[in-house]
There are 2 protein chains.
Amino acid sequence: MRLSTKGRYAVTAMLDLAIHHGEGAVTLADISEAQGISLSYLEQLFARLRKNGLVEGIRGPGGGYQLSRPPTEISVAHVIDAIGEGVDVTLCGGKTDCQEGERCLTHELWQQLGGRIHEFLEGITLDSFLKRKNVNAVVRRQQNDLAVETPRLRKTVA
Amino acid sequence: MRLSTKGRYAVTAMLDLAIHHGEGAVTLADISEAQGISLSYLEQLFARLRKNGLVEGIRGPGGGYQLSRPPTEISVAHVIDAIGEGVDVTLCGGKTDCQEGERCLTHELWQQLGGRIHEFLEGITLDSFLKRKNVNAVVRRQQNDLAVETPRLRKTVA
DNA sequence: TATTTCCTGACTATTTTACTTGGTTATTAT
DNA sequence: ATAATAACCAAGTAAAATAGTCAGGAAATA
């Protein structure tokens, strides 16, 4: 179990898609601009999200990405798992091979904790995340601000 | 909020102290040997744990570290906070300074999630962690195995 | 005094993160 | 057709975090 800024990037980007779910595709360029994340870095993250079936990419003009499932069916855990965090749970499994087999039982402890955190994150869907407070409105306002600053309007927003 | 192997090291080491709470001090050398963590690395971690008042160090022969509070009053969150994980919650606060002040509101979202995970970890004490299943017995058995392998017995164990 | 053990600081290697560069392919609009 | 758009792909780089090393203290005990 691992949780760092990388996961945050992925989750915030997915929230962007969740907000526009049903309104067509959102381009990575837009997300990049709106959230200050490098475009190519986003591409790398979305490659994984796509391979894990969380999003689908649409090529060509008017294309972009959209959720392949409704936001009620995508959890934060899904996102974090997809980008490759939360694989190596034991300290021994990787490089320092568990010497005796019995030695590594404190790690099993940790695995329990990791499991519980995972369950916790499974319970938080993109949808439920957005529904807290007036967050949705706030994010939309951000994007309006952006649209005013830059000549470039997001196509999917009327 | 960040959760990685570093925190795991600290938590497992603290569990070791929790097991021997009330039985005297445990040396870092013992923890290092038992769990395969570099001694100097442990020293760095414990420097932070000590500065945050979670443990106290006792110098000289027969010395070592012990919890400064009972295991029922130390949470996993305490440990993780102490070693410096979970400080930089916002993406903007650090280097990429938040451009407009309004722009960074998706991060506030994430802060909510980080907060909830933190609350969750606050609810897990070292004590409750050990009481799950027969874990305590297992860890003790590990240490017996160790004692048999190496001529060096842990002093604090009768 | 000698040993043990904490304590400190600085330095190194590895890994991960975040980003860059330079392309290709599919799709749409002109 | 052709040009523009935007997903896709691969490789390499810079900065940071992680994990560990080294070399020496300073306090307590025997």
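Residues numbered from 1 in each chain as written. Chains lettered and ligands numbered in written order. Predicted model: local features only at pLDDT ≥ 70, side-chain atom pairs only at ≥ 80, totals over all residues. Heavy atoms only, no water.

(A) Expanded view of the overall build of chain A. The helix and strand tally for chain A stands at 7 helices and 2 strands. The helix and strand sequence of chain A, counted from the amino end, reads α-α-α-β-β-α-α-α-α. When the accessible surface of chain A is split by element, carbon and sulfur atoms take 49% of a total near 7,800 Å². (Helix = DSSP H or I, 4+ residues; strand = E, 2+ residues; numbered from the N terminus. Areas by Shrake-Rupley, 256 points an atom, 1.4 Å probe, with all protein chains shown as cover.)

(B) Highlighting the confidence of the model for chain A. Residues and elements named next belong to chain A. Residues with a pLDDT of 70 or more make up 65% of chain A, whose mean pLDDT is 75. The low-confidence segment residues 93–103, where pLDDT is below 50, has 14 contacts with residues more than four positions distant or belonging to other chains. Confidence drops under a pLDDT of 50 for residues 141–158, and excluding neighbours within four residues, the segment shows 32 contacts in the predicted structure. (pLDDT = per-residue confidence, 0-100. Contact = heavy atoms within 4.5 Å.)

(C) Quick peek at the protein's contact with DNA strand C. Not every one of the 29 residues close to DNA strand C is listed here, only the nearest: A:T5, A:S40, A:Q44, A:R59 and B:Y65. Counting only the atoms of DNA strand C that lie within 4 Å of the protein, the sugar and phosphate share comes to 66%. Taking A:Q44, its side chain carries an N or O atom lying 2.8 Å from a base nitrogen of DNA strand C. Note that a phosphate oxygen of DNA strand C is positioned 2.8 Å from one of the side-chain N or O atoms of B:R50. Looking at the surface near DNA strand C, the elements with two or more residues in it are helix 1 (5–19) and helix 3 (39–51) of chain A together with helix 3 (39–51), strand 1 (55–58) and strand 2 (64–67) of chain B. Split by residue class, the surface near DNA strand C holds 8 nonpolar, 13 polar and 8 charged. (Near = heavy atom within 4 Å. Polar contact = N/O pair within 3.5 Å; in protein donor to acceptor, adjacent residues only side chain to side chain. Nonpolar A, V, L, I, M, F, W, Y, C, P; charged D, E, K, R; others polar.)

(D) Local environment of the nonpolar core. Membership of the largest hydrophobic core comes to 72 residues, with the highest contact counts inside it found for A:F46, A:L121, B:F46 and B:L121. Beyond its immediate chain neighbours, meaning those up to four positions away, A:F46 contacts A:A13, A:L17, A:L28, A:I31, A:V55 and A:Y65. (Core = buried A, V, L, I, M, F, W, Y, C linked by side-chain atoms within 4.5 Å. Buried < 20%, exposed > 50% of the residue type's maximum accessible area, 1.4 Å probe, protein only.)

(E) The arrangement of the packing of aromatic side chains in detail. All names here are of chain B. What the rule picks out here adds up to 5 aromatic pairs over all chains. Their ring planes at 40° and their centres at 4.8 Å tell us that F46 and Y65 sit as a pair that is tilted. Of the two residues, F46 is situated in helix 3 and Y65 in strand 2; the sequence distance between them amounts to 19 residues. One exposure class covers both F46 and Y65, and it is buried. (Phe/Tyr/Trp six-rings, centres within 6.5 Å; stacked < 30°, edge-to-face > 60°.)

(F) Geometry of the pairing of strand 1 of chain B. Residues and elements named next belong to chain B. Pairing analysis gives 4 bridges linking strand 1 to strand 2, with the strands arranged antiparallel. Paired with V55 across the two strands is L67, which belongs to strand 2. Linking two consecutive strands that pair antiparallel, namely strand 1 and strand 2, is a turn of 5 residues; a positive phi of about 80° is found at G60 within it. (Pairing = 2+ DSSP bridges.)

(G) A look at the pattern of salt bridges. All names here are of chain A. Summed over the entire model, instances satisfying the criterion amount to 2 salt bridges over all chains. Of the charged contacts in the structure, one is a salt bridge between D127 and K131, with a shortest N-O distance of 3.0 Å. A residue pair is termed a helical-turn pair when its members lie 3 or 4 positions apart in one helix, as D127 and K131 do in helix 6 (residues 126–131) at 4 residues. What makes K131 exposed here is its relative accessible area of 62%. (Salt bridge = Lys/Arg side-chain N within 4 Å of Asp/Glu carboxyl O.)

(H) Layout of the domain arrangement of chain A. All names here are of chain A. Taken domain by domain, chain A consists of domain 1 (5–85 + 125–149) and domain 2 (87–122). Counting residues at the interface gives 7 residues for domain 1 and 4 residues for domain 2. Summing both sides of the interface, domain 1 and domain 2 together bury roughly 430 Å²; the carbon and sulfur share of this comes to 60%. Summed over the three residues of domain 1 that lose the most area to domain 2, namely S75, A77 and D81, the buried surface amounts to 54% of that side. Counting across the interface, domain 1 meets domain 2 through 0 salt bridges. Counting across the domain 1 and domain 2 interface gives 1 residue pair in polar contact (both at pLDDT 80 or more). When grouped by side-chain class, the residues that make up the side of domain 1 that touches domain 2 number 3 nonpolar, 2 polar and 2 charged. (Domains from an automatic or database assignment. Buried area = accessible area lost by both parts, 1.4 Å probe.)

(I) Representation of the side chain of B:S75 within the structure. Positionally, B:S75 belongs in the loop between strand 2 and helix 4 (76–82). For B:S75, the contacting residues outside a window of four places in its chain are B:L121, B:E122, B:I124 and B:T125.

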